[in-house]
Amino acid sequence: MSNPEHGPGSFVLRGGEVIDGSGAVRFAADVVVEQGRIAAITPPGEGRADRILQIDGRVVCPGFIDSHSHDDVQVLRQTLAQPKLSQGVCTVVTGNCGISLPPLATDSPPAPLDILGKDAYRFSRFADYARAIDEARPCVNVVPLVGHISIRIKHVPDLTRSASEGETRAMRGEVEAALAAGAFGLSTGVYYPPARAANTEELLGVCAALKGRNAILAMHIRDEADAVVPALQEALFVGARSQARLVISHHKVMGSANHGRTQDTLRMIDAAASTQDVCLDCYPYEASSTMLDAQKAARTGNVLITWSSPHPLASGRTLKSLAQEWGIGLEEAAAKLMPGGAIYFSMSQQDVERVLSHPATMIGSDGLPHDQRPHPRLWGTFPRVLGHYSRERKLFALEAAVHKMTGLPAQRYGLTGRGLLKEGNAADLVVFDPDRIREGSTYENPTNPAIGIDAVIVNGLIAMWQGDVLNSHAGQRLRPQA
Ligand SMILES: [Zn+2]
């Protein structure tokens, strides 16, 4: 591959094959990039531009969209280039699982809000956060959501009960203000302690702000284990009543007694899809990762610690080995490590593959960038889908895999002019080697970069080339289309 010269002007990616993000079969073509846009797609050898970048044997496709991230802090701090650009991600959706920085100003965010760190809750208005992203000029594009848990902590003094009418009205007002200031929608996480007492009525009251707005409602459902079916029913009901574009977040079922039940849940989602707007996202691993919960950890058994405030050196160790060392049980050991984060090995390969293969499934990393020893999904999600699941497991064609991370999320989130490699669209592009692409990160070495990604172009600027960051300010906050 030839080396890009730094600088403005047009360039042509020559000698590669285009996968356009729609799911269509790849074809040989030149791609001309000019002034941030895809200026032309021409027969091989015919593209004209100031510079020629030879990409023989490579695929060029739209930049990947991480439809489920927790990068709310990182988009302000220029720490995203490595985990995100290095795996081809050009756009991140922030504010998932009910957890967003705005509209909350606090020095002591309770779990799970502390997965974003403790010192970043500084924005009491969504508009202030939006402005901060614009000023930071992040390396990737940002699609922000506002989170119900953050709003709830601000407006409901007693988190152990459902909100009163007045509190619900105040929360709805926060969502309306966030939408007016550029939020693409709302996320919820009634699985988590500060929102567990929120009943369906509270959710409906808050989500009423979404009606008629073509807005996203991304839901981390109440239960992903034994009670996954009623939890999914609740989410589908709230989505339908709110007339929102529902996203079932990181869909899975956990616990060996529940393995195989994605057959039922996907059937439910298919049935609902005939009458309402619903889709889902998924990360390509059999282990989940979130806040450390003593009971859940004891029930799961096979648990890796990602961070622990009282015991920082426990990061990267198994709960079992720590419990043994301390001569106590798993639950007691987990309680000793809290507040903290953990990786839970609790899904089946078949369920993960079934959800990944579903045509309405987008790829979302759910990566936790603040963790000391993060789940490998933070660095490896997108190349793992392309390498392990498409090339090696042959779960779906490469074109279908690319669609799940480009055209599909762009359409679901309403990112007009992105997600498809077509003339006139924004030039968010990835160049990769289809024979070599794979994740580098593992549970043991979770921050190894991906292999086989040659170039990442954000808004027409070469952001990364052969692993080197050339531009860490090429992204922008995207605006919802009316
Ligand atoms: Zn979640």
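Computed from a predicted structure; not experimentally measured.

**A word on the sheet that holds strand β10 (residues 141-144)**
Strand pairing in a sheet relies on backbone hydrogen bonds. The paired strands run either parallel or antiparallel. One open sheet holds the three strands; their spatial order is β8-β9-β10, and the pairing between them is parallel. The open sheet has two edge strands, β8 (64-66) and β10, and neither has a second partner. Sheet twist, expressed as the mean angle between neighbouring strand axes with direction ignored, is 20 degrees. Sheet analysis places strand β9 (residues 89-94) next to β10, joined by four bridges and oriented parallel. When the sheet's bridge partners are listed, threonine 94 is paired in β10 with proline 144.

**Some words on the coordination of the zinc ion**
Around the zinc ion, the protein supplies Cys97 (SG), His220 (ND1) and His250 (NE2) as donor atoms, at distances of 2.0 to 2.3 Å. Here the donor residues of the zinc ion are spaced in sequence according to C-x122-H-x29-H. Of the two residues, cysteine 97 is situated in the loop between β9 and α2 (126-136) and histidine 220 in strand β13 (residues 216-220); the sequence distance between them amounts to 123 residues. Histidine 220 carries the same exposure label as cysteine 97, and that label is buried.

**Notes on the domain arrangement of the chain**
Parsing the chain into structural domains produces domain 1 (11-62 + 423-440 + 447-469), domain 2 (64-288 + 345-412) and domain 3 (289-344). On a C-alpha basis, the centres of domain 2 and domain 3 stand 24 Å from each other. Counting from both sides, the interface comprises 20 residues of domain 2 and, opposite them, 18 residues of domain 3. Between domain 2 and domain 3 the total buried area reaches about 1,600 Å² when both faces are included, carbon and sulfur atoms providing 55% of it. When the buried area of domain 2 at its contact with domain 3 is split by residue, Phe345, Gln372 and Arg373 rank highest and sum to 36% of it. Linking domain 2 with domain 3 are zero salt bridges. Inspection of the domain 2/domain 3 interface yields eleven residue pairs in polar contact (both at pLDDT 80 or more).

**A look at the packing of aromatic side chains**
Counted under the stated rule, the structure contains six aromatic pairs. Seen from their ring centres, phenylalanine 123 and tyrosine 129 are 5.5 Å apart, and the 65 degrees between their planes marks the pair as edge-to-face. In this structure tyrosine 129 comes out as buried when scored by relative accessible area, which is 1%. Consider the rings of tyrosine 285 and tyrosine 443, whose centres lie 6.4 Å apart with planes at 80 degrees: the pair is edge-to-face.

**Some remarks on the environment of alanine 335**
With respect to the helices, strands and loops of the structure, alanine 335 is situated in helix α11 (residues 330-337). Classification of alanine 335 as partly exposed rests on a relative accessible area of 43%. In sequence terms alanine 335 and leucine 292 are 43 residues apart; their C-alpha atoms lie 8.4 Å from each other.

**Topic: the sheet that holds strand β22 (residues 461-465)**
Spatially, β3-β2-β7-β20-β21-β22-β23 is the arrangement adopted by the seven strands of the open sheet, whose pairing is mixed. Only two strands of the sheet have a single partner each, and these edge strands are β3 (27-28) and β23 (468-469).

**Side note on unusual backbone geometry**
In this model, proline 102 is joined to proline 103 through a cis peptide bond whose omega is 0 degrees. Mapped onto the fold, proline 103 is located in the loop between β9 and α2. Of note, the bond from alanine 111 into proline 112 is cis; its omega dihedral lies within 30 degrees of zero at 5 degrees. Positive phi values are uncommon outside glycine, yet arginine 137 reaches one of about 45 degrees. Looking at where arginine 137 falls in the secondary structure, it is placed in the loop between α2 and β10. With a phi close to 55 degrees, lysine 394 is a non-glycine residue in the positive phi region.

**Topic: the pattern of salt bridges**
Under the defined criterion, the tally for this structure stands at 28 salt bridges. In this structure, the salt-bridge partner of aspartate 134 is arginine 477, at a minimum N-O distance of 3.0 Å. Within this pair, whereas aspartate 134 is found in helix α2, its partner arginine 477 is found in the segment after β23, the two being separated by 343 residues in sequence. In this structure arginine 477 comes out as buried when scored by relative accessible area, which is 9%. Across the pair lysine 252 and glutamate 224 runs a salt bridge whose closest N-O atoms are separated by 3.0 Å. Note that lysine 252 is positioned in the loop between β14 (245-248) and α8 (262-273) and glutamate 224 in the loop between β13 and α7 (228-241), a separation of 28 residues in sequence. Across the pair, exposure class does not vary: lysine 252 and glutamate 224 are buried alike. Each of Arg58, Asp433 and Asp454 takes part in one network of salt bridges that share partners.

**Some words on the pairing of strand β15 (residues 278-282)**
Here β15 lies mainly inside the structure; five of its five residues are buried. Residue alternation in β15 divides its side chains into two sets, Val278, Leu280 and Cys282 and Cys279 and Asp281, and both sets are buried. Alignment of β14 against β15, held across three bridges, turns out to be parallel. When the bridges of β15 are listed, isoleucine 248 appears paired with leucine 280. Pairing of β15 with strand β19 (residues 361-363), which is carried by three bridges, proceeds in the parallel orientation.

Cut-offs used in this document
Residues numbered from 1 in each chain as written. Predicted model: local features only at pLDDT ≥ 70, side-chain atom pairs only at ≥ 80, totals over all residues. Heavy atoms only, no water. Pairing = 2+ DSSP bridges. Helix = DSSP H or I, 4+ residues; strand = E, 2+ residues; numbered from the N terminus. Axes fitted to C-alpha atoms, helices over the stretch in contact; angles between N-to-C directions. Donors = N, O, S within 2.8 Å, 3.2 Å for Na, K, Ca; no water. Buried < 20%, exposed > 50% of the residue type's maximum accessible area, 1.4 Å probe, protein only. Domains from an automatic or database assignment. Contact = heavy atoms within 4.5 Å. Buried area = accessible area lost by both parts, 1.4 Å probe. Salt bridge = Lys/Arg side-chain N within 4 Å of Asp/Glu carboxyl O. Polar contact = N/O pair within 3.5 Å; in protein donor to acceptor, adjacent residues only side chain to side chain. Phe/Tyr/Trp six-rings, centres within 6.5 Å; stacked < 30°, edge-to-face > 60°.

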